[in-house]
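The primary structure of each chain is shown beneath.
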Amino acid sequence: MLNPDTVKADFPLLGRTVRGGKPLVYLDSGATAQKPQQVIDAELRFYAETNAAVHRGAHQIAEEATEAYETSRDVVAEFVGADAAEIVWTKNATEALNLVAYGFLNASLAAAAAPGSAAAAAVTPEAIQRYALVPGDEIVLSEAEHHANLVPWQQLAQKTGATLRWISVTAQGRLDPETFSVIGERTRILAITHASNVTGAITDVEALVARARKVGAYVVLDACQTAAHMPVDLHALDVDFAAFSAHKMVGPTGVGALYGRHALLEDLPPFLTGGSMVEVVTMETTSFMPPPQRFEAGTQMVAQVVGFAAAVKYLRELGMDQVAAHESQMTQRLLEGISLVPGVRVLGPEDATDRLAVVAFEVDGVHPHDVGQVLDDAGVAVRVGHHCAQPIHRRLGVHASARASAGVYTTAADVDAFIAGLHEVRRFFAAPSDTGGH
Amino acid sequence: MADAMEQLYQQVILDHARVRQGEGELTEYGGESFQINPTCGDQVTLRVRLDPKGERIQALGWTGQGCSISQASLSVMHELVLDQPVARAEELGAHFRELMAARGKELDSARLEALEDASAFTGVARYPARIKCALLGWMALRDALVQARGRA
Ligand SMILES: Cc1ncc(COP(=O)(O)O)c(C=O)c1O
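Definitions and cut-offs
- Residues numbered from 1 in each chain as written.
- Chains lettered and ligands numbered in written order.
- Predicted model: local features only at pLDDT ≥ 70, side-chain atom pairs only at ≥ 80, totals over all residues.
- Heavy atoms only, no water.
- Pairing = 2+ DSSP bridges.
- Helix = DSSP H or I, 4+ residues; strand = E, 2+ residues; numbered from the N terminus.
- Axes fitted to C-alpha atoms, helices over the stretch in contact; angles between N-to-C directions.
- Phe/Tyr/Trp six-rings, centres within 6.5 Å; stacked < 30°, edge-to-face > 60°.
- Buried < 20%, exposed > 50% of the residue type's maximum accessible area, 1.4 Å probe, protein only.
- Near = heavy atom within 4 Å.
- Polar contact = N/O pair within 3.5 Å; in protein donor to acceptor, adjacent residues only side chain to side chain.
- Areas by Shrake-Rupley, 256 points an atom, 1.4 Å probe, with all protein chains shown as cover.
- Nonpolar A, V, L, I, M, F, W, Y, C, P; charged D, E, K, R; others polar.
- Parallel < 35°, antiparallel > 145°, perpendicular 65-115°, else oblique.
- Left-handed = near helix turned anticlockwise from the far one by under 90°.
- Contact = heavy atoms within 4.5 Å.

Student: Would you explain the sheet that holds strand 2 (residues 42–50) of chain B in this entry?
Tutor: Hydrogen bonds along the backbone pair up the strands of a sheet, which may run parallel or antiparallel. All names here are of chain B. Judged by pairing direction, the sheet is antiparallel, and its three strands sit side by side in the order 1-2-3 without closing on themselves. Since the sheet does not close on itself, it has two edges, and those belong to strand 1 (31–37) and strand 3 (57–65), each with one partner. Across the sheet, the mean angle from the axis of one strand to that of its neighbour is 15 degrees, orientation sign disregarded. Inspection of the sheet shows strand 1 paired to strand 2 by seven bridges, in the antiparallel sense. Each bridged residue has a counterpart across the sheet, and for Gly31 the counterpart in strand 2 is Val48.

Pasting the structure below:
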């Protein structure tokens with residue numbers, strides 16, 4: 001069994017104090033995770049020993065850097081059940097999702113251009129065949145999406161005349177299977193989160209993929225919240241594209257990845273263009289590299305890529321089954337603890353089944369920002385606001401919420417400190433007529 | 001713990017957050033502003049009506065939702081600027097912005113006194129994330145006054 005105290009000792013930042021000497025209780029891993037020394041060292045070592053531009057230059061250091069960059073791709077690919085050639089480095093998940101959306105857009109623009117024009121020839125016939133959207137085509141997502149997996153699709157729909165449709169969320173914060181039927185004959189894309197960053201609810205990907213397959217729609221999975229918290233096997237999930245960010249996986253900021261099936265990446269037009277992604281460039285035209293290089297324009301974040309590989313190695317050594325089991329215990333402890341604090345409502349499933357340790361909640365009569373402030377004063381770091389997911393908040397009838405989210409290093413003591421903090425929030429903001437008021 | 005929190009959440013602030021002055025929709029108005037704090041989702045719609053000469057704030061009403069800091073700040077602001085000349089309201093707004101920029105240091109006594117209950121927000125300026133909350137109403141007022149004067 002994973003020992004969170006041992007794990008925690010690997011994360012230097014978690015040893016610090018805040019707000020006048022209080023030990024930090026970090027419950028904001030859903031926003032970004034802290035980094036173990038192993039990741040920090042990997043990045044440091046890369047700069048100290050191996051730093052060079054990759055896929056360019058004939059010198060030894062460039063060879064070593066390229067080797068480190070590409071080996072990292074193998075490591076990350078294996079971690080998510082993909083082949084290395086199916087992994088594209090991006091800045092973060094947001095960029096990965098935009099990369100796919102812009103691929104569809106570029107194909108749609110070419111398809112809509114006058115036959116024989118330069119605009120029509122800007123992408124390959126295969127790209128148009130696969131990716132061109134026309135008015136009346138439908139893009140399906142859910143009300144639970146993070147803005148990163150909503151706004152790019154909304155933009156794509158606006159620009160192509162496609163229609164955006166969505167799966168609803170139940171009052172318990174789960175995708176409502178009754179509304180899966182919005183996936184229909186005209187659906188071209190299903191863009192769905194693997195787990196909500198508000199309710200922690202894990203999506204039944206299998207059921208959705210089955211429906212998408214029936215109508216020939218591509219499935220884009222936002223695996224941001226799941227990748228570091230449970231075993232994720234993209235081949236087994238049978239999705240077409242997937243996005244995740246290293247910074248939520250105890251890895252560095254500045255790097256994320258797009259997964260795309262071989263054949264799909266092969267036909268996808270590039271998003272960003274420039275150096276490193278081209279074969280032959282003339283003043284008139286350019287031919288592009290095969291994937292993944294086609295999607296990695298410009299000088300890459302090599303040190304961060306290396307750090308990303310160190311992060312997944314770290315998680316792999318802990319064992320993702322162990323990580324998931326530990327975090328499930330934390331979920332239970334969080335939910336049980338909260339249920340004993342009067343006036344606190346969880347936004348999302350109230351039991352730990354098919355649920356991550358991401359717990360958004362509302363405190364009766366106290367605004368989330370004030371909740372966060374009093375918790376912060378006790379050294380407890382949570383997130384407040386709408387967590388880049390306004391529609392699901394609207395659906396659940398609140399403007400904003402506070403959210404506690406755990407990670408591999410979260411201990412029972414952390415959860416208990418948070419629960420104690422919640423009691424303090426209640427005490428502090430109790431109306432003067434209440435007993436024990438401020 | 002409560003020391004830092006009691007300094008931040010002065011009783012004046014908690015009181016104003018509970019019993020809010022000026023909350024409600026104004027139907028006759030010359031200027032309106034909608035402000036949002038995208039980090040925490042707080043929002044306010046504020047409307048202002050000037051006297052016929054366009055010199056004095058005759059009525060002020062706001063609706064919206066937000067944290068205790070933003071709500072209390074709106075309420076205190078309402079108390080301070082209602083029935084005041086526009087120029088005075090703008091001057092108070094400038095003082096309040098200075099207070100927020102002071103990172104918790106007190107302003108000189110003349111300005112602090114002018115700010116009355118709003119001086120209770122001194123401690124808010126120690127928390128960068130909360131400054132926006134406190135300023136939300138004042139931003140709306142400044143914006144709405146520009147409109148109202150343009151129309152007067
Ligand atoms: C579910 C989900 N999707 C997408 C994102 C976007 O990730 P990033 O900001 O790293 O691009 C996040 C993180 O905020 C998230 O939680």
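Structure's up, so let's keep going.
Student: Looking at this structure, how should I read the packing of aromatic side chains?
Tutor: Here the distance between the centres and the angle between the planes together describe a pair of aromatic rings. Residue and element names in this part refer to chain A. Considering all chains together, one arrives at 16 aromatic pairs over all chains under this definition. Aromatic pair Tyr102 and Phe271: ring centres 4.9 Å apart, planes at 25 degrees, arrangement stacked. Within this pair, whereas Tyr102 is found in helix 4 (residues 93–112), its partner Phe271 is found in the loop between helix 9 (262–267) and strand 11 (278–281), the two being separated by 169 residues in sequence. Here the aromatic rings of Phe361 and Phe418 are separated by 5.6 Å at their centres, their planes lie at 65 degrees, and the arrangement is edge-to-face. Of this pair, Phe361 sits in strand 14 (residues 358–363) while Phe418 sits in helix 14 (residues 412–428), and the two are 57 residues apart along the sequence. By relative accessible area, Phe418 is classed as buried at 0%. By the ring-pair criterion, three or more aromatic residues cluster together here, those being Tyr69, Trp89, Phe244 and Phe308.

Student: How do you make sense of the site of the ligand when you look at a structure like this?
Tutor: Residues and elements named next belong to chain A. Taken together, 13 residues surround the ligand, and among them Thr94, Asp222, Ser245, His247 and Lys248 come closest. A distance of 2.9 Å is found between an oxygen atom of the ligand and a side-chain nitrogen or oxygen belonging to His146. The side chain of Ser245 places a nitrogen or oxygen atom 2.6 Å from an oxygen atom of the ligand. Within the complex, the protein chains bury 90% of what would otherwise be the 390 Å² of accessible surface of the ligand. Broken down by class, the residue content of the shell around the ligand amounts to three nonpolar, eight polar and two charged.

Student: Whenever I open this one, the packing of helix 12 (residues 368–377) of chain A against helix 14 of chain A confuses me. Can you help?
Tutor: Residue and element names in this part refer to chain A. Between helix 12 and helix 14, whose axes approach to 9 Å, the crossing angle comes to 120 degrees. Taken as axis vectors, helix 12 and helix 14 run oblique relative to one another. Helix 12 and helix 14 meet at a crossing whose hand is right-handed. Here helix 12 contributes Val371, Val374 and Leu375 to the contact with helix 14, which in turn contributes Phe418, Gly421, Leu422, Glu424, Val425 and Phe428.

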